[in-house]
Amino acid sequence: MGATVRTATIDWPSVVSEIYGAGVMKKAIARKVGIAPSTLGILSSGLTAEPPYSVGVRLLRLRDRIAAMKEDQ
């Protein structure tokens, strides 16, 4: 059998917390990334380890846009 390659995963609850901490309401976060608020709640609670790829990409882009806006202020 081949060796298993493990890579570090992203701490999705922290990503959601960063966005929420910047003042974006959870319903707005869910709407912006195209998921139901309940799905975001499950992800932010840690009950789901990994979101679908497209959702993860949108969450990271939203977090990066918010961080860039904070830097510009």
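Predicted, not measured: the structure shown is a model, and the values here were computed from it.

Chemist: Lay out the overall build of the protein chain in plain terms, naming residues and giving numbers.
Modeler: Counting secondary structure elements, the protein chain contains four helices and zero strands. Taken from the N to the C terminus, the helices and strands of the protein chain come in the order α-α-α-α. For the protein chain, the spread of C-alpha atoms along the three principal axes comes to 50 × 30 × 20 Å. The long-range fraction of contacts in the protein chain, counting pairs at least 24 apart against all pairs at least 6 apart in sequence, stands at 65%. On the protein chain, roughly 5,300 Å² of surface is accessible, and the fraction owed to carbon and sulfur atoms is 56%. One finds the centroid of the 10 positive side-chain charges in the protein chain at a distance of 10 Å from the centroid of its 6 negative side-chain charges.

Chemist: For helix 4 (residues 53-72), give the residues involved together with the corresponding values.
Modeler: Its 20 residues place the ends of helix 4 29 Å apart at the C-alpha level, agreeing with the 28 Å of an ideal helix rising 1.5 Å per residue. Three or more residues of helix 4 are buried, namely V55, G56, L59, L62 and I66. Considered in projection along helix 4, the buried side chains sweep an arc of 130° and stay on one side of the axis. Turned more than 90 degrees from where helix 4 packs its buried face, Y53, R61, E71 and D72 sit exposed. Along its buried surface, helix 4 packs onto helix 1 (12-21), helix 2 (26-33) and helix 3 (37-45).

Chemist: Give a description of the packing of helix 1 against helix 4 that names residues and reports values.
Modeler: Relative to each other, helix 1 and helix 4 sit at 40°, their axes nearing to 9 Å. Taken together, the axes of helix 1 and helix 4 lie oblique to each other. Between helix 1 and helix 4 lies a crossing of left-handed hand. Of the residues in helix 4, those in contact with W12, V15, E18 and I19 of helix 1 are G56, L59, L60, L62, R63 and I66. Taken together, the residues of the contact of helix 1 with helix 4 break down into seven nonpolar, one polar and two charged.

The rules behind the values
Residues numbered from 1 in each chain as written. Predicted model: local features only at pLDDT ≥ 70, side-chain atom pairs only at ≥ 80, totals over all residues. Heavy atoms only, no water. Helix = DSSP H or I, 4+ residues; strand = E, 2+ residues; numbered from the N terminus. Contact = heavy atoms within 4.5 Å. Areas by Shrake-Rupley, 256 points an atom, 1.4 Å probe, with all protein chains shown as cover. Lys, Arg positive; Asp, Glu negative; His and termini not counted. Charge placed at Lys NZ, Arg CZ, Asp CG, Glu CD. Expected span 1.5 Å × (residues − 1). Buried < 20%, exposed > 50% of the residue type's maximum accessible area, 1.4 Å probe, protein only. Arc of directions from axis to C-beta. Axes fitted to C-alpha atoms, helices over the stretch in contact; angles between N-to-C directions. Parallel < 35°, antiparallel > 145°, perpendicular 65-115°, else oblique. Left-handed = near helix turned anticlockwise from the far one by under 90°. Nonpolar A, V, L, I, M, F, W, Y, C, P; charged D, E, K, R; others polar.

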